[in-house]
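Each chain is listed here by its residues.
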Amino acid sequence: MTNWRSGVIPTWCPGCEDFIIYAGLQNTLAKLNMDQDKTVIVYDIGCIGNMADFVKAWGIHSLHGRSVPTGVGIKLANPELNVIVIGGDGGVYGEGLSHLIAAARLNIDITVIVANNQLYSLTTGQSSPTTPKGSKTKSTPKGVESVPVVPLELIKAVNPEALAQHVSCLEPLKVAEAMEKAIKHQGFDLLDLDQLCVSFGKQLR
Ligand SMILES: Cc1ncc(C[n+]2csc(CCOP(=O)(O)OP(=O)(O)O)c2C)c(N)n1
Ligand code: SF4
Ligand SMILES: [Mg+2]
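Residues numbered from 1 in each chain as written. Chains lettered and ligands numbered in written order. Predicted model: local features only at pLDDT ≥ 70, side-chain atom pairs only at ≥ 80, totals over all residues. Heavy atoms only, no water.

As recorded by an unreviewed UniProt entry, the protein chain carries the name Pyruvate ferredoxin/flavodoxin oxidoreductase, beta subunit and is attributed to Candidatus Shapirobacteria bacterium GW2011_GWE1_38_10.

Dropping the structure here:
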């Protein structure tokens, strides 16, 4: 069986649900017997993006908010490749939101997996576009004033054919099932994962 672990020990905080996403991805890539030479994983910047060091696969640790267009470029240049994009809510729904919408509208055949902890966690817990209204975070001590972005509704609005899923990391088996469905899907797909940041986001769950 193909080994998808790089050998580098993950540096996430103990109890971080990024471990669930990492385990789900490892299991799914192995279960689907993915061709390691034809699988490319593009990582955004952030805690979840640090997975770039922990997975043994071709990949790019791109820029914050620029993982989706990097993945789109790879797919357009070589359609034979399986392209998976992994990022956080800050990168994919904040700085990179227009790229996400463009890729969904064009129905580019990539899988986008988002660790949605409703925070900019690597930078120690500022609010993101998905932080619920009223939530107190490091950057919003009096509570967030705006309503959150709802990723699945955005995707469905621009492409009814796209596969858009939402699963909580509290259900690891469902995370892996959803990853399998997403990777098998032909066309654009988004997997939004409810991921707890135990260090800065306990007040959000
Ligand atoms: C263009 C750019 N803007 C800002 C930063 C600083 N920065 C690094 S990580 C990060 C937050 C990441 O949040 P998210 O994408 O949600 O990932 P998480 O850390 O929560 O997993 C920010 C703002 C950066 N590296 N590059
Ligand atoms: S800061 Fe939060 S998201 Fe980042 S590794 Fe720690 S628990 Fe996970
Ligand atoms: Mg985040």
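(A) Focus on the packing of helix H4 (residues 97–105) against helix H5 (residues 151–158). Where H4 contacts H5, the two axes come as close as 8 Å, and the packing angle between them is 45°. Overall, the two elements H4 and H5 adopt an arrangement that is oblique. Here H4 runs over H5; the crossing is right-handed. Of H5, the residues touching H4 (which contributes Leu97, Leu100, Ile101, Ala104 and Arg105) are Leu154, Ile155 and Val158. (Axes fitted to C-alpha atoms, helices over the stretch in contact; angles between N-to-C directions. Helix = DSSP H or I, 4+ residues; strand = E, 2+ residues; numbered from the N terminus. Parallel < 35°, antiparallel > 145°, perpendicular 65-115°, else oblique. Left-handed = near helix turned anticlockwise from the far one by under 90°. Contact = heavy atoms within 4.5 Å.)

(B) Examining the site of ligand 1 more closely. Close to ligand 1 lie 16 residues, the nearest being Cys47, Gly90, Gly91, Leu119 and Leu122. Cys47 is positioned with one of its backbone polar atoms (N or O) 2.8 Å from an oxygen atom of ligand 1. His64 is positioned with one of its side-chain polar atoms (N or O) 3.1 Å from an oxygen atom of ligand 1. Starting from 580 Å² of accessible surface for ligand 1 in isolation, the protein chains cover 74%. Broken down by secondary-structure element, the contributors of at least two residues to the shell around ligand 1 are helix H3 (89–95) and strand E5 (119–120). Here the element with the most residues in the shell around ligand 1 is H3; it accounts for four residues. Of the residues assigned to the shell around ligand 1, the class counts are six nonpolar, eight polar and two charged. (Near = heavy atom within 4 Å. Polar contact = N/O pair within 3.5 Å; in protein donor to acceptor, adjacent residues only side chain to side chain. Areas by Shrake-Rupley, 256 points an atom, 1.4 Å probe, with all protein chains shown as cover. Nonpolar A, V, L, I, M, F, W, Y, C, P; charged D, E, K, R; others polar.)

(C) Quick peek at the coordination of the magnesium ion (ligand 3). Within the first shell, the magnesium ion (ligand 3) binds the protein through Asp89 (OD), Asn117 (OD1) and Leu119 (O), at distances of 2.1 to 2.2 Å. Spacing between the donor residues of the magnesium ion (ligand 3) along their common chain follows D-x27-N-x1-L. With Asp89 in helix H3 and Asn117 in the loop between strand E4 (111–116) and E5, this pair connects stretches of sequence that are 28 residues apart. An identical accessibility class is assigned to Asp89 and Asn117; each is buried. (Donors = N, O, S within 2.8 Å, 3.2 Å for Na, K, Ca; no water. Buried < 20%, exposed > 50% of the residue type's maximum accessible area, 1.4 Å probe, protein only.)

(D) Quick peek at the pattern of salt bridges. Applying the stated criterion across every chain yields a total of seven salt bridges. A salt bridge links Glu180 to Lys31, with the nearest nitrogen and oxygen atoms 2.8 Å apart. Taken together, the residues Glu180 in helix H6 (residues 172–184) and Lys31 in helix H1 (residues 18–31) connect sequence positions 149 residues apart. The exposure class of Glu180 is buried, given its relative accessible area of 15%. We classify Lys31 as exposed; its relative accessible area is 61%. (Salt bridge = Lys/Arg side-chain N within 4 Å of Asp/Glu carboxyl O.)

(E) Expanded view of the sheet that holds strand E2 (residues 58–61). Spatially, six strands are ordered E2-E1-E3-E4-E8-E7 in an open sheet, and the strand pairing comes out parallel. Looking at strand neighbours, the two that pair on one side only are E2 and strand E7 (163–168), the edges of this open sheet. The sheet shows a mean angle of 15° between the axes of neighbouring strands, taken without regard to direction. In the packing of H1 onto the sheet, the strands contacted are strand E1 (39–43), strand E3 (82–88), E4 and strand E8 (189–194), and the crossing angle to E4 comes to about 155°. (Pairing = 2+ DSSP bridges.)

(F) Molecular detail of the side chain of Ser135. Within the fold, Ser135 resides in the loop between strand E6 (126–127) and H5. Here Ser135 is in contact with Thr140, Gly143, Val144 and Leu204, once residues within four sequence places are set aside.

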